[in-house]
There are 2 protein chains.
Amino acid sequence: MYRSHTCGELTLANIQQEVTLSGWVQTIRKFGSITFVDLRDRYGLTQLLFGEALNEQLDQTPLGREFVLQVKGKVAERSNKNKQIPTGEIEILVESFTVLNKSAVPPFTIQDDTDGGEDLRMKYRYLDLRRNAVKKNLQLRYQVSRSVRNYLHDQGFMDIETPFLIKSTPEGARDFIVPSRMNEGEFYALPQSPQTFKQLLMISGYDRYYQIVKCFRDEDLRADRQPEFTQIDCEMAFVEQEDVLQMFEGLIRKVFEDVLAKQYTEEIIRLSWEEAMWRYGNDKPDIRFGMELANLKFPAHTFPTKPAVEGIFEGVDFKVFNEAETVVAIAVPGGAEYTRKELDELTAWVKRPQIGMMGLVYIKCQSDGTYKSSVDKFYDSDRLSIIAGKAGAVAGDLVLILAGKEERTRKAISELRLEMGKRLGLRRADQYKLLWVLDFPLFEYAPEENRWVAKHHPFTSPKPSDIERMIGNDPKISDPEKYLEHPYANIKANAYDMVLNGNEIGGGSIRIFQKELQEKMFAALGMDEKEQQEKFGFLLGAFQYGAPPHGGLAFGFDRLCALLGGSESIRDFIAFPKNNSGRDVMIDAPSGVDQKQLDELALKLAPGKP
Amino acid sequence: MYRSHTCGELTLANIQQEVTLSGWVQTIRKFGSITFVDLRDRYGLTQLLFGEALNEQLDQTPLGREFVLQVKGKVAERSNKNKQIPTGEIEILVESFTVLNKSAVPPFTIQDDTDGGEDLRMKYRYLDLRRNAVKKNLQLRYQVSRSVRNYLHDQGFMDIETPFLIKSTPEGARDFIVPSRMNEGEFYALPQSPQTFKQLLMISGYDRYYQIVKCFRDEDLRADRQPEFTQIDCEMAFVEQEDVLQMFEGLIRKVFEDVLAKQYTEEIIRLSWEEAMWRYGNDKPDIRFGMELANLKFPAHTFPTKPAVEGIFEGVDFKVFNEAETVVAIAVPGGAEYTRKELDELTAWVKRPQIGMMGLVYIKCQSDGTYKSSVDKFYDSDRLSIIAGKAGAVAGDLVLILAGKEERTRKAISELRLEMGKRLGLRRADQYKLLWVLDFPLFEYAPEENRWVAKHHPFTSPKPSDIERMIGNDPKISDPEKYLEHPYANIKANAYDMVLNGNEIGGGSIRIFQKELQEKMFAALGMDEKEQQEKFGFLLGAFQYGAPPHGGLAFGFDRLCALLGGSESIRDFIAFPKNNSGRDVMIDAPSGVDQKQLDELALKLAPGKP
């Protein structure tokens, strides 16, 4: 028996007990003839006291950091108590010890505040995983999965495994493919999600399905993406959108309670996609703070339900606003104090290529009721007052205005809003604000190919009121310039995203469950009948044999854990993550393989392509 | 709202309630102007009664099997009660109905006793999954995973995900490989198991890890193997073999209780590998029945602890026995009644190529105390009596004797024992017998390469008492004829298998945790230092920084579920299995991919190789 207790459980209640502990040497301190060692394991730290009698053995087998040690001894009360940790009132008077394994000096210190850089810590991930900060993340991840499983179990969901070796159906992201040896020249693909399988399970009558499952996408990796990632994948039959929303509101509230010991009692507000774009310029708005957009000018087709803002810029010869498709503003609370230098820096910030604006217009609403603005030679005080009023600014605030093409400008003002929120400390990691974004467009326009692509995925159903418009019209876009006037441009989807603190944590939809509508959808995305059959013949076939109405949702598990852990980096919440080139630098993968392996797969390397 | 209740929950307690149900049409029966429909969902069947008033609508939209139907109506007591099902005392007086989706006539009937052949059911797996028999299997599978997760959670295990895109380290089975686009000419491999990662987690201090996880092996598929399969993968630090055995005895008892509602209170016996081979000829013996082997002659080196059987065949000129390496017998209870024809059939059975024996010797122990034998012209009654006695035969039994080379003969007698057990009805699917097999050999001899291979895997530790023998000797086998005399031949491993009804359901070992011993192990398997570094440098590196003693076990989840479900076929317990060629015939995978995909991966097909 290697241990009678862990390093996290002994307290004054155990005084005088003979115990055996095993763990890692965290620190060694010598005071005269006495040696103190902090022994660490997953559960905590316990102080060991090596008295004079052990000095001979300690001289022969000196201890070092990260040595694996087994000690036997008696629990004693400590004179110098540490109230910070549960075991801080006791120590072990060591009677005998065994070095179970030695350790070389680690390449960085195993402490919360480590001296190891990211690269070093990735290479020695097994040592990085020893640090408390990382351990806490993985523990939180396990808590989340446990909480999710318990909730879904109580709601009657069944965990059903779907296959990993499936078929390549390129649409959307790139598949990872797996050559088959038994079927020469053919390939499996790794799933980007179990989408079609979970739909088949609904057709099979399984009703409430879930899985916490790895998915794969061979995409160029942005800082916070991984080629393999984990989804909480759920699907329900005989449901409408409202049923799904309520089910997963329940789930997220349960997770908050179980994992953060925090009730999320607030109503989870719902915004239509149009409303989110209108108020925040973003379909995953961070609503921990206000600073909502003032839409001073915008193209009518973008927000068909919103009345145009009349007359603000009329009769003034300021070309930037007059010629812009969109003019949009935010009010920064207390920003009237900004110096010239600070405003210049903000201007430079919006001109960076990532944001891509030509400039920034500001209006300072000064405490004396006057205005100071970069455009005060064009607009008089009354006009500036109207603009500031639209943005909801009061005395002491700063109004920031961007102008340009709709899409870019809206994206830029959204980024600017987030940046100002951050600078003002309004985006606190310990505050959580959830919302639903609903009624997404079903289609997006792909200008390179002059065709429609699915905004969510090809299995998402249109709103019932829009089905006729879809069925009754040809998807072909005869005039690319006027794609917005095509009847498909305004078809709304039965799709929904759950957003937490400005991040999409989950998304889903009510699915198409009728063969004809699915065929129409595939056709709208440019698939002819042959391609439909090749790629999705099994699904179209299944729709013929009694497919029930169904819908579902998938949470990005890595992201959800990161946000609950107060971080925006998913990598910190994955035991063995890959770097930005998709490499696992610890095991050195991917790597070359034997020629024999390639021969068996009937494959040849074709370097230099494409 | 699609339903107020499921099709499995309404009883007499709900009489007079207005309800809404949704489900599939199982059967339609007409009696005059009344139509009865059984509506099915995941939860059960409910009888619907369509009265005369609905006939016009029924004429316009006639129902068919597997149509998806929504009905509103009132719960009423049934006159013709069905006590077999929970809802059998009520029916729904339908007031209105909607056909949610139609169904074509299914290619086979959705019933327990289906008329669909295996191929058809694989192609239409989504329909096969509707059958009760298959649904029960998947429900059992979910119950097992739930039970396992709960037990391991209570024992302090953490579910930690390990990566799927790892490094190819061919040793043992073939890897599936995944070409990397971002790292041209390089490949990931899909894990055959998370072995090295779970060991790293132990080195990282996670102490008790588990995962229910997909694993992959690109092997030629026997009838009951799948290219992707699921393991319950567990690892513990600071444990000895006894700790692991007790932990997982606890787990399996919990699973029996939760899933079969059956206490497994018996002691789980432990047999050494040698004892299992001696008594049953098999390292995964079915101990639901006796019929243990009588070892009449065997090579001394195979069972070093067993004394030779003296003098049985001495002085008799029966070459078959005298020249055989091994002679081994079993006693078949009540078999003395076997006819000539039956014995001929048994002889033919052992001569089949799968068994490969030259013949079968029998001794009938007749009720009058005399013997009748195929070798009674060589052996007199006294001799026959001694042989029968060794086999434990009594009057009325039949002794069956095989002779030949040790390995083949032992395998054959083991098969014969299982076959006779089956014929005698001694292998009942509803009876469960567990045991541990311990002390496996660390190495197996690979004659083709004249080297040692790992019996379990290269991370399994030798028994502490055998470490010296391993470290102190060169693995090279100078004389292939005498490999059994090599000091490595008798090194025992700290490895263990859990066996249920003649099937290995789990296996594991205490691992090597010292760098030097691991290097010696790799060297013994023929890896030079360069290869060791390339393939396992990260693990050898990790061993330098304080690796704790650790060990673990993995259960074959598919097999475990199948056995608990009373079946030997894992395919019935997998939602979307592949066929014997590794194909998913439903989705038609694997399949060809676009040239563009290959170009992006810098790959070319090289047909006809190897």
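Criteria and thresholds
Residues numbered from 1 in each chain as written. Chains lettered and ligands numbered in written order. Predicted model: local features only at pLDDT ≥ 70, side-chain atom pairs only at ≥ 80, totals over all residues. Heavy atoms only, no water. UniProt positions renumbered as here; feature names shortened; annotations may be inferred. Domains from an automatic or database assignment. Salt bridge = Lys/Arg side-chain N within 4 Å of Asp/Glu carboxyl O. Buried < 20%, exposed > 50% of the residue type's maximum accessible area, 1.4 Å probe, protein only. 1 Å grid on protein atoms, 1.4 Å probe; cavity = no way out; pocket = protein on both sides within 12 Å on 5 of 7 lines; lining within 4 Å. Points joined across faces, edges and corners; volume = space filled by probe spheres on them. Helix = DSSP H or I, 4+ residues; strand = E, 2+ residues; numbered from the N terminus. Patch = residues over 30% accessible without salt bridge, like charges linked within 9 Å, V, L, I, M, F, W, Y side chains within 5 Å. Areas by Shrake-Rupley, 256 points an atom, 1.4 Å probe, with all protein chains shown as cover. Lys, Arg positive; Asp, Glu negative; His and termini not counted. Charge placed at Lys NZ, Arg CZ, Asp CG, Glu CD. Contact = heavy atoms within 4.5 Å. Polar contact = N/O pair within 3.5 Å; in protein donor to acceptor, adjacent residues only side chain to side chain. Axes fitted to C-alpha atoms, helices over the stretch in contact; angles between N-to-C directions. Parallel < 35°, antiparallel > 145°, perpendicular 65-115°, else oblique. Left-handed = near helix turned anticlockwise from the far one by under 90°. Nonpolar A, V, L, I, M, F, W, Y, C, P; charged D, E, K, R; others polar. Pairing = 2+ DSSP bridges. Least-squares fit on C-alpha atoms with pLDDT ≥ 70 in both. Expected span 1.5 Å × (residues − 1). Phe/Tyr/Trp six-rings, centres within 6.5 Å; stacked < 30°, edge-to-face > 60°. Lys NZ or Arg CZ within 6 Å of the ring centre and 35° of its normal.

- Per an unreviewed UniProt entry, chain A carries the name Aspartate--tRNA ligase and comes from Arachidicoccus ginsenosidivorans.
- As recorded by UniProt, the Function (unreviewed entry) comment attached to chain A reads in full: "Catalyzes the attachment of L-aspartate to tRNA(Asp) in a two-step reaction: L-aspartate is first activated by ATP to form Asp-AMP and then transferred to the acceptor end of tRNA(Asp)."
- Per its UniProt entry, chain A bears the Subunit (unreviewed entry) comment "Homodimer."

**Considering the domain arrangement of chain A**
- Assigned domains of chain A: these are domain 1 (12-101), domain 2 (133-266 + 558-597), domain 3 (289-427) and domain 4 (441-492 + 514-547).
- Using only C-alpha atoms to locate each centre, domain 1 of chain A and domain 3 of chain A end up separated by 63 Å.

**Concerning the pattern of salt bridges**
Residues and elements named next belong to chain A.
- Considering all chains together, one arrives at 96 salt bridges over all chains under this definition.
- R288 is paired through a salt bridge with D286; the nearest N and O atoms lie 2.7 Å apart.
- For R288, a relative accessible area of 11% translates into the label buried.
- Given a relative accessible area of 1%, D286 falls into the buried group.

**Some remarks on empty space enclosed by the protein**
- Applying the stated criterion to the full structure yields twelve cavities of 30 Å³ or more.
- Here the largest cavity defines a volume of roughly 440 Å³.
- R149(A), I212(A), R149(B), I212(B) and V213(B) are the residues nearest the centre of the largest cavity, which is lined by 32 residues in total.
- Mapped by element, the contributors of at least two residues to the lining of the largest cavity are α4 (132-154) and β9 (208-216) of chain A together with α4 (132-154), β6 (158-159) and β9 (208-216) of chain B.
- No other element matches the five residues that α4(A) contributes to the lining of the largest cavity.

**Looking at a positive patch on the surface**
- On the surface, a cluster of positive charge is made up of R222(A), R225(A), K284(A) and K411(A).
- Its place among the elements puts K284(A) in the loop between α7 (273-280) and β12 (294-297).

**Section: the UniProt feature "binding site: L-aspartate" (unreviewed entry) in chain A**
Residues and elements named next belong to chain A.
- Per the UniProt annotation, the sites labelled "binding site: L-aspartate" (unreviewed entry) are E171, R217, H456 and R511.
- Structurally, the position occupied by H456 is in the loop between β19 (451-454) and α12 (464-471).
- Filtering out sequence-adjacent residues up to four positions away, H456 remains in contact with G507, G508, S509 and R511.
- Residue R511 is classed as buried on the basis of its relative accessible area of 2%.
- Here H457 takes part through its side chain, which lies 3.4 Å from a polar atom of the side chain of R511.

**What about the packing of helix α9 (residues 340-351) of chain B against helix α11 (residues 406-423) of chain B?**
All names here are of chain B.
- Contact geometry of α9 with α11 gives a least axis separation of 11 Å together with a crossing angle of 140°. Here α9 lies oblique to α11, going by the angle between them. In the packing of α9 onto α11, the handedness of the crossing is right-handed. Across the interface between the two elements, E345, L346, W349 and V350 of α9 pack against E415, L416, E419, M420 and R423 of α11.
- Tallied by class, residues from the contact of α9 with α11 come to five nonpolar, no polar and four charged.

**So, the sheet that holds strand β21 (residues 503-510) of chain B**
All names here are of chain B.
- Spatial strand order, β6-β9-β10-β22-β21-β20-β17-β11: eight strands in an open sheet with mixed pairing. Here the strands that pair on one side only, and so sit at the sheet edges, are β6 and β11 (269-272).
- In this structure, β21 lies alongside strand β22 (residues 550-556), joined through five bridges in antiparallel fashion. By the bridge assignment for β22, G508 is matched with L553.

**Examining the sheet that holds strand β3 (residues 44-50) of chain A**
Residues and elements named next belong to chain A.
- If you walk around this closed barrel you meet the five strands as β1-β2-β3-β5-β4, and the pairing is mixed. When strand polarity is set aside, the average angle formed by the axes of neighbouring strands in this sheet is 55°.
- Judged from the seven bridges that link them, strand β1 (residues 18-31) and strand β2 (residues 34-41) form a sheet pairing that is antiparallel. Across the sheet, F31 pairs through a bridge with I34, a residue of β2.

**Regarding the environment of D207(A)**
- Structurally, the position occupied by D207(A) is in the loop between α5 (195-203) and β9.
- Separated by 175 residues in the primary sequence, D207(A) and G32(A) place their C-alpha atoms 70 Å from one another.
- Ignoring sequence-local partners within four residues, the contact set of D207(A) consists of L201(A), M202(A), E235(A), M236(A), A237(A), R3(B), R42(B) and Y43(B).
- Reaching out from D207(A), the side chain makes a polar contact with the side chain of Y43(B) at a distance of 2.9 Å.

**Some details on the relation of the copies chain A and chain B**
- Note on the identical chains: chain A maps onto chain B by a rotation of 180° and an axial translation of 0.0 Å, with an RMSD of 0.0 Å. One copy is carried onto the other by what is essentially a two-fold rotation axis.
- The fraction of interface residues of chain A whose copies in chain B are also interface residues reaches 100%, indicating that both copies meet through the same surface.

**Re the pairing of strand β16 (residues 398-404) of chain A**
Residue and element names in this part refer to chain A.
- Across the seven residues of β16, seven count as buried, placing the element largely inside the fold.
- Alternating residues of β16 divide into L398, L400, L402 and G404 and V399, I401 and A403, and every residue in both groups is buried.
- As paired elements, strand β13 (residues 326-332) and β16 share seven bridges and run antiparallel to each other. Considered in β16, the bridge of I330 is made with L400.
- Relative to β16, strand β14 (residues 361-365) runs antiparallel, the two being bridged by four bridges. Bridge pairing in β16 places I363 opposite V399.

**What about the UniProt feature "binding site: ATP" (unreviewed entry) in chain A?**
All names here are of chain A.
- The UniProt entry lists R217, D218, E219, Q226, E504, G556, F557, D558 and R559 under the feature "binding site: ATP" (unreviewed entry), expressed in the numbering used here. As for the lining of the largest cavity, the annotated residues named previously contribute F557.
- Looking at the element boundaries, E504 is found in strand β21 (residues 503-510).
- Beyond its immediate chain neighbours, meaning those up to four positions away, E504 contacts K284, D497, M498, V499 and R559.
- For G556, the location among the structural elements is in strand β22 (residues 550-556).
- Among the residues examined, G556 registers a relative accessible area of 27% and is labelled partly exposed.

**Here's the deal with the interface of chain A and chain B**
- Listed as interface residues are 131 residues of chain A and, on the opposing side, 131 residues of chain B.
- With a closest N to O distance of 3.2 Å, R181(B) and D220(A) form a salt bridge.
- In this assembly, chain A and chain B are joined by 72 residue pairs in polar contact (both at pLDDT 80 or more).
- If one sorts the elements of the side of chain A that touches chain B by residue count, α4(A) sits on top with eleven residues.
- Partitioned by chemical class, the residues of the side of chain A that touches chain B number 70 nonpolar, 27 polar and 34 charged.
- Bridge count between strand β23 (residues 603-605) of chain A and strand β23 (residues 603-605) of chain B: three bridges; the pairing is antiparallel. Pairing of L605(A) across the sheet is with L603(B), part of β23(B).

**Some thoughts on α4(B)**
- Compared with the 33 Å implied by 1.5 Å per residue over 23 residues, the 33 Å span of α4(B) between its first and last C-alpha is a close match.
- Immediately beyond the C-terminal end of α4(B), within one or two residues, lies G156(B), with a positive phi of roughly 85°.

**Some details on the packing of aromatic side chains**
- With the rule as written, the count across this model stands at 65 aromatic pairs over all chains.
- A centroid spacing of 5.1 Å and a plane angle of 75° characterise the contact between W278(A) and F303(A), whose relative ring orientation is edge-to-face. Linking W278(A) in helix α7 with F303(A) in the loop between β12 and α8 (319-323), this pair joins segments that are 25 residues apart in sequence.
- Take F303(A): its relative accessible area is 1%, and that puts it in the buried class.
- Considering the side-chain rings of F31(B) and F36(B), the 5.8 Å spacing of their centres and the 70° angle between planes classify their relative orientation as edge-to-face.
- Aromatic ring contacts, followed pair by pair, group F313(A), F318(A), F321(A), F378(A) and Y379(A) into a single cluster.
- Here the guanidinium or amino end of K123(A) rests over the ring plane of Y124(A), the centre of that ring lying 5.6 Å away.

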